[in-house]
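What follows is each chain in one-letter form.
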There are 2 protein chains.
Amino acid sequence: MFESAELGHKIDKATYDKAVPALREALLEAQLDLSQSAKFPVVILLSGLDGAGRGETLNLLNEWMDPRHVQAHGMGEPSDEELDRPMMWRFWRALPPKGKTGIFLGSWYTWPILNRVNGVTKLADLDQSLERARLLEKMLTDEGALVLKFWLHLSKDKQEKRLKSLEKDPKTRWRVTERDWQHFKLYDKLASIHESVIRHTSTAEAPWFIIEGEDPRYRSLTIGKMIHESIRKRLDAPTVKPVGLSAPPLLPSIDKLHILKALRLDQKLEKKAYEIELEKYQGKLALLTRDPRFKEITVIAMFEGNDAAGKGGSIRRITGALDARIYQVVPVAAPTEEERAQPYLWRFWRHVPRRGKVTIFDRSWYGRELVERVEGFCLESDWMRAYGEINEFEAQLVRHNIVMAKFWLTISKEEQLKRFKEREKTGFKRYKITDEDWRNREKWDAYENAVCDMVDRTSTERAPWTLVEAENKYYARIKVLKTVCELVETQLKQLKKSKDS
Amino acid sequence: MFESAELGHKIDKATYDKAVPALREALLEAQLDLSQSAKFPVVILLSGLDGAGRGETLNLLNEWMDPRHVQAHGMGEPSDEELDRPMMWRFWRALPPKGKTGIFLGSWYTWPILNRVNGVTKLADLDQSLERARLLEKMLTDEGALVLKFWLHLSKDKQEKRLKSLEKDPKTRWRVTERDWQHFKLYDKLASIHESVIRHTSTAEAPWFIIEGEDPRYRSLTIGKMIHESIRKRLDAPTVKPVGLSAPPLLPSIDKLHILKALRLDQKLEKKAYEIELEKYQGKLALLTRDPRFKEITVIAMFEGNDAAGKGGSIRRITGALDARIYQVVPVAAPTEEERAQPYLWRFWRHVPRRGKVTIFDRSWYGRELVERVEGFCLESDWMRAYGEINEFEAQLVRHNIVMAKFWLTISKEEQLKRFKEREKTGFKRYKITDEDWRNREKWDAYENAVCDMVDRTSTERAPWTLVEAENKYYARIKVLKTVCELVETQLKQLKKSKDS
């Protein structure tokens, strides 16, 4: 796999000096076209061996390219902000928007490989990390990103020579660290891990390019040309009319039964009983979130439901129990311009809270499986792949000990009509009812189907949906509060258990 | 994930009896259209819990569908023929060709799940199997197959009820085995593994469909309708004009150096020395293949190279050392009609030998990366994804202790001209030189690029390419023979080691 990158590739100074001005001009032009068309983002990874020139390449590319349209990311040790969130969060926040280029010196490969080399993790952990990397890159290319992965390589002899020559020169001695020599001793082991990483994550859409790192002129010119040609190729590609997926259709419903119909909407709670229960569970939640161990966990609660099902009311009964400094409510409406220039899940990743915090989403990433699907705002292929992307997103959250509470609030069609009419009558509630609500109501059955598919495909053991019978508001609010308490309690107990053991 | 399949779906007899004739007619019609257009194959997996009706469904579908266009596969315990080859071989040989339908009762999921449930394998092994499953299904859908994966589910209560009622009736008692009850006891553990399997292998192109298995009428009608609608949807989809991949281009060559140029073609071997070496290594190979432990391994040797580089001659020097009963030479030419109706790698999978055998491919699956790429016989997206498919194919072979010897024989452009002219002069060699050879010669540089990319992307630690300097035939033949001997010897030693330990 590294054969071509151990041949001693070289470019002489004259050739290099002649080629660079033309390349820089072409690169700038491509960047400008990309920025103006804002057709796609460019994600560049610089990976590879110590001393193979990753840092120099990053600096050079930054010099060659228009700084307004490119951003370099060192991605060294994660900050405490970053450690408080799932590993991928730091990459999501650094993704370039459409029209721009992001260059990553460290990437989603760096730590999984290092941890494996240093024996911190097992082979199985590395495999899982590689699966996560593949899924992330598949999402990026599905969303239209150009992903360029460069692997800078040095043969064993060359690496030794380079480290020694750097050490000899007092001016460069500081660049050789103890870690560099440790890695050199592990060369063969590393090479074998690297090969496996490259093989498992070279896909047709996001292949690795292995570049010999020895000669700076060769490596710079090759990478520069490659970036230019890739952007050009993609810019000049004919815009393909998107076509529907030719995957099988979803399950036909041949009886009238589905999960929503199976709910018993006649469950009631009287006002008096409600007030007692409310006090009980709000008190409990208040205590739980003030528990010292709560600082180690995170809560994400997420509300979807029929229009007028009482999402807002339920949310207020949760926030009513919380210290204002620890929670945030994120109302999800149409994406902003900045959000539209990013992959679909970006606008939710940006709100993933730190440890010790609670974030409540009023509507959520499931919009893609609900309104966007039903209204045709996205392609079938988009919402079909989103089931997997969402499962992976939530899996990353729960792996990070985040409590995931997912609520679907259900009311009957008749109850909705009643509530709509009430809202129209009541002055201060009138703003809550719009033409769109009435239009959505006409597509009741399509929405019901979409909800059933959504629950079937995204209710998982560790991030299950809670379906809430919301015909009676009191009943619904208590069920929500109680569920949140239970989930937090379970998580705190698990924390204790894993500490005890 | 199983919520919708635990609701107690039911279809009454009258509805069922009314629906079935129309469904059967529609199914037959779709099958006929599919068979006549031969547009794509249909692969149906029936998986799920014991007692959820997989077997009955298989029988019913076979009854409903036209037996000329459908084939059922039980896929129980593998035969000794199958055990002698990598696990996936049995599925490759059973794949339906374009226009036909294959229904699999057991699948590439069955044994990985069973082995995990029974504690034979670790979680990491299951993860690897799931990756393999995903890659296989991606290959199938990339090749145009319609993949329908049904998961028949029963709730815990329902499964117990069903097993008990089968046991009560003397006519059905035989259908309940000890294993069924063992599995029932593991219900919760199983459900958790199943959920993980379904989540990790539900993709947009090949999603799982979870079906409640309790009511035979509900389950049959749902699956029947689903199959009909899926085939119809795909048949009626507009034929999409294939477009090129918008992936980055391959590495530009900015110096003149590449792996083929780096070979020293001036290496010589005199005839006398050759004859001595030939006897030595043929003798060695003869002994190695007669070693009793050789019965436990398999050898696949594969030859690619420039036209007239001497592939045939090298192959004959290997076969000259072998017992005719253990080897087979597979010359790879244009695919047959039957082969064209299958995924690309199918025609190579069919020749994977049993243990104790040697198969020599004269040209190979790398045709896709060489002639098909250079001559434009396939799309860029096809040969780009083929690198990964081939790596996965070979990884399965080496995991099964198959010795992989991959040879590229290189001669210079001048030497080729000399040999072409000689062939034209010599009567019995004239058949070996065709117009096509002269045409290929004109694309020398394009082929060289393709070879370099191929070696870079498919030379792996366990299945490396051996580049052979073939300017001197004697030198080349000895290098090939010696390499084969070394690879076989290493494998036999490893066998011994793993037995000793």
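Residues numbered from 1 in each chain as written. Chains lettered and ligands numbered in written order. Predicted model: local features only at pLDDT ≥ 70, side-chain atom pairs only at ≥ 80, totals over all residues.

Q: Is there a simple way to explain the overall build of chain A in this structure?
A: Looking only at helices and strands, chain A features 20 helices and 10 strands. Along the first, second and third principal axes, the C-alpha set of chain A runs to 85 × 60 × 40 Å. Sequence-distant contacts, at least 24 apart, represent 83% of the contacts inside chain A between residues at least 6 apart. (Helix = DSSP H or I, 4+ residues; strand = E, 2+ residues; numbered from the N terminus. Contact = placed C-beta atoms within 7 Å.)

Q: Looking at this structure, how should I read the environment of Val176(A)?
A: All names here are of chain A. Tracing the chain through its elements places Val176 in the loop between helix H7 (156-168) and helix H8 (178-185). Considered as a pair, Val176 and Gly119 are 57 residues apart in the sequence and their alpha carbons are 23 Å apart. Leaving out residues up to four positions away in the same chain, Val176 has contacts with Leu163, Leu166 and Glu167.

Q: Quick question: what am I supposed to make of the interface of chain B and chain A here?
A: Between chain B and chain A, the residue contacts involve 62 residues of the former and 62 residues of the latter. Residue assignment for the side of chain B that touches chain A shows that the elements contributing at least two residues are helix H6 (123-142), strand S4 (146-153), helix H9 (187-201), strand S5 (208-212), helix H10 (216-236), helix H16 (380-399) and helix H19 (444-458) of chain B. In terms of residue count, H10(B) provides more of the side of chain B that touches chain A than any other element does, nine residues in total. Of the residues contributing to the side of chain B that touches chain A, the split by class is 31 nonpolar, 15 polar and 16 charged. (Nonpolar A, V, L, I, M, F, W, Y, C, P; charged D, E, K, R; others polar.)

Q: Teacher, can you tell me more about the relation of the copies chain B and chain A here?
A: Each of the two copies of the chain can be brought onto the other by a rotation about an axis and a shift along it. Under the fitted operation, chain B is carried onto chain A by 0.0 Å of movement along the axis and a turn of 180 degrees, and the coordinates agree to an RMSD of 0.0 Å. In symmetry terms, the pair is related by a two-fold rotation axis. Taking the C-alpha atom as reference, chain B places Ala124(B) closest to the rotation axis, 2.6 Å from it. Of the residues that chain B buries at the interface, 100% are likewise interface residues in chain A, meaning the two copies contact each other through the same surface. (Least-squares fit on C-alpha atoms with pLDDT ≥ 70 in both.)

Q: What is the right way to read the packing of helix H7 (residues 156-168) of chain B against helix H8 (residues 178-185) of chain B from this model?
A: The description of two helices packed together rests on the angle between their axes and the distance between the axes. Residues and elements named next belong to chain B. Closest axis-to-axis distance for the H7/H8 pair is 11 Å, and the angle between their directions is 160 degrees. Relative to H8, the element H7 lies roughly antiparallel. Here the hand of the crossing between H7 and H8 comes out left-handed. Across the interface between the two elements, Gln159, Glu160 and Leu163 of H7 pack against Asp180, Trp181 and Phe184 of H8. Of the residues contributing to the contact of H7 with H8, the split by class is three nonpolar, one polar and two charged. (Axes fitted to C-alpha atoms, helices over the stretch in contact; angles between N-to-C directions. Parallel < 35°, antiparallel > 145°, perpendicular 65-115°, else oblique. Left-handed = near helix turned anticlockwise from the far one by under 90°.)

Q: What is the right way to read unusual backbone geometry from this model?
A: Glycine aside, a negative phi is what most residues show, and trans is what most peptide bonds show. Of note, Ala38(A) is a non-glycine position whose phi angle comes to about 45 degrees, a positive value. Tracing the backbone through its elements, the reader meets Ala38(A) in the loop between helix H1 (13-37) and strand S1 (42-48). Here the phi dihedral of Arg363(B) falls at roughly 70 degrees; this positive angle occurs in a residue that is not glycine. Assignment of secondary structure puts Arg363(B) in the loop between strand S8 (358-362) and helix H15 (371-374).

Q: Could you clarify how one ought to interpret the domain arrangement of chain A in this entry?
A: Interface size is commonly expressed as the accessible area that is lost once the parts come together. All names here are of chain A. Assigned domains of chain A: these are domain 1 (3-236) and domain 2 (271-500). On a C-alpha basis, the centroid separation for the pair domain 1 and domain 2 is 39 Å. Taken together, the 17 residues of domain 1 in the interface contact 18 residues of domain 2. Where the side of domain 1 that touches domain 2 is concerned, the elements lending two or more residues are helix H4 (89-94) and helix H6 (123-142). When residues in the side of domain 1 that touches domain 2 are grouped by element, the largest group, four residues, is from H6. For the side of domain 1 that touches domain 2, a count of residues per class yields 10 nonpolar, no polar and seven charged. (Domains from an automatic or database assignment.)

Q: Sorry if this is basic, but what is going on with the sheet that holds strand S7 (residues 327-331) of chain B here?
A: The pairing of strands in a sheet comes from backbone hydrogen bonds and takes either a parallel or an antiparallel form. Residue and element names in this part refer to chain B. The five strands are arranged S7-S8-S6-S9-S10 in an open sheet whose pairing can be described as parallel. Of all the strands in the sheet, the pair left with one neighbour each is S7 and strand S10 (465-469). Strand-to-strand twist in this sheet, taken as the mean axis angle between neighbours without regard to direction, amounts to 20 degrees. Relative to S8, strand S6 (residues 298-305) runs parallel, the two being bridged by five bridges. (Pairing = 2+ DSSP bridges.)

Q: Even after reading the chapter, I still don't get the sheet that holds strand S3 (residues 101-104) of chain B, so can you show me in this structure?
A: Residues and elements named next belong to chain B. One open sheet accounts for five strands, arranged S2-S3-S1-S4-S5; its pairing is parallel. Since the sheet does not close on itself, it has two edges, and those belong to strand S2 (70-73) and S5, each with one partner. With direction set aside, neighbouring strand axes in the sheet form an average angle of 20 degrees. Relative to the sheet, helix H2 (residues 54-64) contacts strand S1 (42-48), S2, S3 and S4, its axis offset from that of S1 by approximately 150 degrees.

Q: Whenever I open this one, the pairing of strand S4 (residues 146-153) of chain A confuses me. Can you help?
A: Successive residues of a regular strand alternate their side chains across the two faces of the sheet. All names here are of chain A. Within S4, eight of the eight residues are buried, which leaves it mostly tucked inside the rest of the structure. The alternating pattern of S4 places Leu146, Leu148, Phe150 and Leu152 and Val147, Lys149, Trp151 and His153 on opposite faces, both of which are buried. Pairing analysis gives seven bridges linking S1 to S4, with the strands arranged parallel. Note that in S4 the partner of Val42 across the bridge is Leu146. Inspection of the sheet shows S4 paired to strand S5 (residues 208-212) by five bridges, in the parallel sense. Directly across from Leu152, in S5, lies its bridge partner Ile211. (Buried ≥ 20, exposed ≤ 12 C-beta atoms within 10 Å, placed from the backbone.)

Q: Which parts of the structure should I look at to understand helix H11 (residues 271-290) of chain A?
A: What sets the pattern is the α-helix's 3.6 residues per turn: residues three or four places apart point alike. Residues and elements named next belong to chain A. When the terminal C-alpha atoms of H11 are compared, their 28 Å separation across 20 residues agrees well with the 28 Å that a helix rising 1.5 Å per residue should span. Buried within H11 we find Tyr281, Leu285, Leu288 and Thr289. One face of H11 carries all of its buried residues, which in axial projection span an arc of 85 degrees. Within H11, the exposed residues directed more than 90 degrees away from the buried face are Lys272, Glu275, Ile276, Glu279, Gly283, Leu287 and Arg290. (Expected span 1.5 Å × (residues − 1). Arc of directions from axis to C-beta.)

Q: Can you walk me through the pairing of S8(B) in this structure?
A: All names here are of chain B. The buried fraction of S8 is high, at four of five residues. Here S7 runs beside S8; their pairing, made up of five bridges, is parallel. Bridging from a neighbouring strand, Val329 pairs with Ile360 of S8.

Q: What should I look at first to understand the confidence of the model for chain A in this one?
A: Reading predicted coordinates in detail is not appropriate for stretches of low pLDDT. Residues and elements named next belong to chain A. Residue-level pLDDT values for chain A average 90, and 97% of them are 70 or greater. For chain A, the element scoring lowest by mean pLDDT is H8, at 83; strand S10 (residues 465-469) scores highest, at 97. For this predicted complex, the interface confidence reaches an ipTM of 0.79, while the overall pTM sits at 0.84. (pLDDT = per-residue confidence, 0-100.)

Q: Sorry, what's going on with the environment of Trp208(B) here?
A: Residue and element names in this part refer to chain B. Within the secondary structure, Trp208 sits in strand S5. When the 23 C-beta atoms within 10 Å are taken as the criterion, Trp208 is described as buried. Sequence separation between Trp208 and Gln282 is 74 residues; the distance between their C-alpha atoms is 53 Å. With sequence-adjacent residues up to four places away left out, Trp208 is seen in contact with Lys149, Trp151, Ile198, Thr201 and Ser202.

Q: How do you make sense of the environment of Glu471(B) when you look at a structure like this?
A: All names here are of chain B. If you trace the backbone, Glu471 turns up in the loop between S10 and helix H20 (473-500). Taking the number of C-beta atoms within 10 Å as the measure of exposure, Glu471 has 22 and is therefore buried. Remark: the alpha-carbon pair of Glu471 and Glu415, spanning 56 residues in sequence, is separated by 6.9 Å. Setting aside its immediate chain neighbours within four residues, Glu471 contacts Leu265, Ile411, Ser412 and Glu415.

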